[in-house]
Amino acid sequence: MCCVIVPLTAAVSAATTELHIARFAADNVTVINETTVTYQWMEANLPVLGDGTTHYYHQGPVFIDDTDPAREEQLRWNPKEDTNVQEKDMGAVKGTDLKDLCNLVGGMAPKDTVKIKATDGFTKTFAYENVYTPLAQQGPMVITWYHDVEGYVPDYRTGMRLVFLADNSTNPWNIHAFGNYDWHESAAPEYWYYYRQGDEKYPTTTGLSVQSISDILIYSGSPVQGEPTRTETTIADAVLTQAGLSPLTIVCSFTACCFLGYIMKKSG
């Protein structure tokens, strides 16, 4: 019984089915507008991006070393977008443009940033330009609530999830891939994401794909420093996602097991 209780608790807490959206005043503390919407409301009332047939891809780290640091950095950014891409299939997803969700609480101004927050506290912060005027190679930033294999959240276990619906202009397979160099060209350096191994760092766009999103928070010039790293996952290899197992979940499950054992012993 102990083996069953813990996984079930984690699975239930993984996916989200509604979003809290808030816009803060210049002090970045006072909420001036907020709302909460479900994925059903989003599908019925806002434009749907993605058709449930076209697959979208991000790009994982490119593990290449070179004795020349400048060449090594270039190789890891991988402008040809031909390494560790097809393995990062985000699925044939459907969802809602982040821009449309921001507009529900008054939208973003050019100096604003938006923080995407997951249920476990993990966050990523993005600039106005990437939300409102993305390059085609980046594509719109979409909060996805449907996956062609798993269906709607909460069955879509990593949803709601941020996926970039990039064009198919760069990679050799003519697929819709949001490559590492696409982000290099689309975002300011403070928004670049790296997968780190010791002193080595590797650009990747899968790390931008926040899972189990619960909050969209708009700030006036919010800093991006200090955000935690996150393990690389896609829908294919994620059973438990960002939510993971919290200490409280483990303690509660252990307590339940002990109580169950006590009852069984008494009844026996």
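Residues numbered from 1 in each chain as written. Predicted model: local features only at pLDDT ≥ 70, side-chain atom pairs only at ≥ 80, totals over all residues. Heavy atoms only, no water.

## A look at the pattern of salt bridges
- All told, the structure shown has 6 salt bridges when counted by the stated rule.
- Asp112 is the salt-bridge partner of Arg23, the closest N and O atoms lying 3.0 Å from each other. Of this pair, Arg23 sits in strand E1 (residues 18-24) while Asp112 is found in strand E7 (residues 112-118), placing the two residues 89 residues apart along the sequence. Here the two residues Arg23 and Asp112 agree in accessibility, since each one is buried.
- Among the salt bridges present, the one from Arg76 reaches Asp65, with a minimum N-O distance of 2.6 Å. Highlighted residues: Arg76 in helix H3 (residues 69-77) and Asp65 in the loop between strand E4 (56-58) and H3, separated in sequence by 11 residues.
- For Arg76, a relative accessible area of 4% corresponds to the buried category.
- The structure contains a network of salt bridges with shared partners spanning Asp65, Glu72, Arg76 and Glu200. (Salt bridge = Lys/Arg side-chain N within 4 Å of Asp/Glu carboxyl O. Helix = DSSP H or I, 4+ residues; strand = E, 2+ residues; numbered from the N terminus. Buried < 20%, exposed > 50% of the residue type's maximum accessible area, 1.4 Å probe, protein only.)

## Here we look at the environment of Glu190
- For Glu190, the position within the fold is in the loop between helix H6 (180-186) and strand E13 (194-197).
- Along the chain, Glu190 and Phe126 lie 64 residues apart, while their C-alpha atoms are 9.5 Å from each other.

## With respect to the nonpolar core
- Core analysis: the biggest nonpolar cluster contains 49 residues, and Leu19, Val114 and Ile216 have the highest contact counts within it.
- Among the elements that line this core, the one with the most residues is strand E9 (residues 141-147), at 5 residues.
- Discounting residues that sit within four places of it in the chain, Val114 has contacts with Leu98, Cys102, Met108, Lys124, Thr125, Phe126, Val131, Ile216, Leu217 and Ile218. (Core = buried A, V, L, I, M, F, W, Y, C linked by side-chain atoms within 4.5 Å. Contact = heavy atoms within 4.5 Å.)

## A word on unusual backbone geometry
- In this structure, the amide linkage connecting Val153 to the following residue, Pro154, adopts the cis form with an omega of 5 degrees.
- For Pro154, the position within the fold is in the loop between strand E10 (151-152) and strand E11 (161-164).
- Cis peptide bonds are those with omega within 30 degrees of zero, and the linkage from Gly159 to Met160 qualifies with -10 degrees.
- Tracing the chain through its elements places Met160 in the loop between E10 and E11.
- The backbone of Asn28 shows a phi angle near 60 degrees, a positive value even though the residue is not glycine.
- Tracing the chain through its elements places Asn28 in the loop between E1 and strand E2 (31-38).
- Using a relative accessible area of 24% as the deciding quantity, one classes Asn28 as partly exposed.
- The backbone of Glu81 shows a phi angle near 55 degrees, a positive value even though the residue is not glycine.
- With respect to the helices, strands and loops of the structure, Glu81 is situated in the loop between H3 and strand E5 (89-91).

## Concerning the pairing of E9
- Counting buried positions along E9 yields 7 of 7 residues, so the element is predominantly enclosed.
- By the bridge criterion, 5 bridges tie strand E6 (residues 93-97) to E9 in an arrangement that is antiparallel. In the sheet register, Val93 faces E9, and the bridge partner there is His147.
- When E9 meets E10, the two strands line up antiparallel, connected through 2 bridges. Within the sheet, the bridge partner assigned to His147 lies in E10 and is Gly151. (Pairing = 2+ DSSP bridges.)

## Describing the confidence of the model for the chain
- Predicted confidence across the chain gives a mean pLDDT of 86, with 77% of residues reaching 70 or more.
- Per-residue pLDDT stays below 50 along residues 1-13; that stretch engages in 16 contacts with residues further than four places along the chain or on separate chains.
- Residue range residues 231-251 is modelled with pLDDT below 50. Its contacts to residues more than four positions away, or to other chains, number 47 contacts. (pLDDT = per-residue confidence, 0-100.)

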